[in-house]
Amino acid sequence: SLVLTNANGCSDSASLAVTVFGLPVAQIDSAGPLAFCQGDSVILRSANSGNYQWYRNGAAISSDSFVVANQSGTYSLVLTNANGCSDSASLAVTVFGLPVAQIDSSGPLSFCSGDSVILRSANNGNYQWYRNGAAVSTDSFITVSTSGTYSLVLTNTNGCSDSASLAVTVFGLPVAQIDSAGPLAFCQGDSVILRSANNGNYQWFRNGAALSTDSFVVANQSGTYSLVLTNANGCSDSASLAVTVFG
């Protein structure tokens, strides 16, 4: 109220009402951690009701009561009540990048039993290797000699992970076995048939010199007879025996 008095002592008064509206309280609740790995997210929600305006790094993104944050940045909420009064709150979200899991191999991924291949991580980090889901090593590489699906989980210093897998096939070997149709020692003029006991591709040798690709040979000379048996996968096994021809 104002009372105004002039020089003659006469007064008049006037009054008016002033209303001060209370501010809303902008408060952001998060549904999880504010620092996480790429591919995850967190829901940010206004703790109180009103008219909502969300910003990320100053750019308007939503007028809903919540936002799903999946990018790094400063997320701000401006909350306005029915009287047009506003309050704001902010928080920072950090999204960590993922490592890149990549497996390099030192050779073919399909090979014969008895061989092996080295699988190595192409990138640095913390390593966990698996074969068919079972943990096998935490080194940067593994030496593989058995069939299976080999997986690498690579984890960086922020605890973020990526994975890569590949299949290794190890072919079984054939069994080279020589059956003889008679004695391996006999007189000159006689002979013995040497035959492969198993199927495959045949290569016979006498004293290291190639003789035949048939399933059998007729041996009529002294020497060491060898069979190299190769299967459909290109894997080989060998067997040898000595034939003695008496003069």
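Residues numbered from 1 in each chain as written. Predicted model: local features only at pLDDT ≥ 70, side-chain atom pairs only at ≥ 80, totals over all residues. Heavy atoms only, no water.

Draft legend 1. Representation of the overall build of the protein chain within the structure. Assigned secondary structure in the protein chain consists of zero helices and 26 strands. Over its C-alpha trace the protein chain gives a radius of gyration of 42 Å, far above what one expects of a compact globule, namely 18 Å for 247 residues. Seen through its C-alpha atoms, the protein chain measures out along the principal axes to roughly 165 × 25 × 25 Å. Buried positions account for 30% of the 247 residues belonging to the protein chain. Partitioning the intrachain contacts of the protein chain with sequence separation of at least 6 by distance along the chain shows that 45% fall at a separation of at least 24. For the protein chain, the exposed surface amounts to about 14200 Å²; the carbon and sulfur share of it is 48%. Across the protein chain, the 6 positively charged side chains and the 13 negatively charged ones have centroids separated by 11 Å. (Helix = DSSP H or I, 4+ residues; strand = E, 2+ residues; numbered from the N terminus. Rg over C-alpha atoms; globule rule 2.2 N^0.38 Å. Buried < 20%, exposed > 50% of the residue type's maximum accessible area, 1.4 Å probe, protein only. Contact = heavy atoms within 4.5 Å. Areas by Shrake-Rupley, 256 points an atom, 1.4 Å probe, with all protein chains shown as cover. Lys, Arg positive; Asp, Glu negative; His and termini not counted. Charge placed at Lys NZ, Arg CZ, Asp CG, Glu CD.)

Draft legend 2. Structural detail: the state of the cysteines. The full count for this structure, using the stated rule, is two disulfides. Through a disulfide, Cys-112 is tied to Cys-235; the S-S separation comes to 2.0 Å. Disulfide Cys-112 to Cys-235: torsion about the S-S bond roughly -95°, handedness left-handed. Pair noted here: Cys-112 is in strand S12 (residues 110-112) and Cys-235 is in the loop between strand S25 (223-230) and strand S26 (236-246), with a separation of 123 residues, a long-range link. Accessibility assignment for this pair places Cys-112 and Cys-235 in one class, buried. (Disulfide = S-S within 2.5 Å.)

Draft legend 3. Structural context of the environment of Arg-120. Examined against the element boundaries, Arg-120 turns out to sit in strand S13 (residues 117-121). For the pair Arg-120 and Phe-141, spaced 21 residues apart in sequence, the C-alpha separation works out to 4.1 Å. With residues near it in sequence (within four places) discarded, Arg-120 still touches Gln-102, Ile-103, Asp-104, Trp-129, Ser-140 and Phe-141.

Draft legend 4. Layout of a nonpolar patch on the surface. Together, Leu-16, Val-18 and Val-20 make up an exposed nonpolar region whose accessible area comes to about 390 Å². Along the chain, the position of Val-20 falls in the loop between strand S2 (11-14) and strand S3 (28-30). Val-20 sits in the exposed class, given a relative accessible area of 73%. (Patch = residues over 30% accessible without salt bridge, like charges linked within 9 Å, V, L, I, M, F, W, Y side chains within 5 Å. Salt bridge = Lys/Arg side-chain N within 4 Å of Asp/Glu carboxyl O.)

Draft legend 5. The pairing of strand S7 (residues 59-62), seen in detail. Taken together, the three bridges between strand S6 (residues 51-56) and S7 define a ladder with antiparallel strand orientation. Counterpart to Trp-54 in the pairing with S7 is Ser-62. (Pairing = 2+ DSSP bridges.)

Draft legend 6. Highlighting the sheet that holds strand S15 (residues 134-137). The strand order S12-S18-S17-S14-S15 describes an open sheet built from five strands, whose pairing is mixed. Each of the sheet's edge strands pairs with one partner strand only, and the pair in question is S12 and S15. Taken pair by pair, the neighbouring strands of this sheet meet at an average axis angle of 35°, ignoring direction. Of the pairings in the sheet, the one linking strand S14 (residues 126-131) to strand S17 (residues 148-155) comprises six bridges and is antiparallel in character. Across the sheet, residue Trp-129 finds its bridge partner in S17, namely Leu-152. (Axes fitted to C-alpha atoms, helices over the stretch in contact; angles between N-to-C directions.)

Draft legend 7. Up close: the side chain of Ser-212. Along the polypeptide, Ser-212 turns up in strand S23 (residues 209-212). For Ser-212, a relative accessible area of 15% gives the class buried. Here Asp-214 takes part through its backbone nitrogen, which lies 3.0 Å from a polar atom of the side chain of Ser-212. Contact partners of Ser-212, with chain neighbours within four places excluded, come to Tyr-202, Gln-203, Trp-204 and Val-217. (Polar contact = N/O pair within 3.5 Å; in protein donor to acceptor, adjacent residues only side chain to side chain.)

Draft legend 8. Structural view of the sheet that holds strand S24 (residues 216-219). The strand order across the open sheet built from three strands is S19-S21-S24, with neighbouring strands paired in antiparallel fashion. Looking along the sheet, the strands with just one partner apiece sit at the ends: strand S19 (178-180) and S24. On average, each strand axis in the sheet is inclined to that of its neighbour by 25°, with strand direction left out of account. Where strand S21 (residues 192-196) lies against S24, four bridges are found, and the strand directions are antiparallel. From the neighbouring strand, Val-192 faces S24, where its bridge partner is Ala-219.

Draft legend 9. The arrangement of the environment of Ile-61 in detail. As for its placement among the helices and strands, Ile-61 is situated in strand S7. In the structure, Ile-61 is positioned 21 residues away from Asp-40 in sequence and 19 Å away in space, judged by C-alpha atoms.

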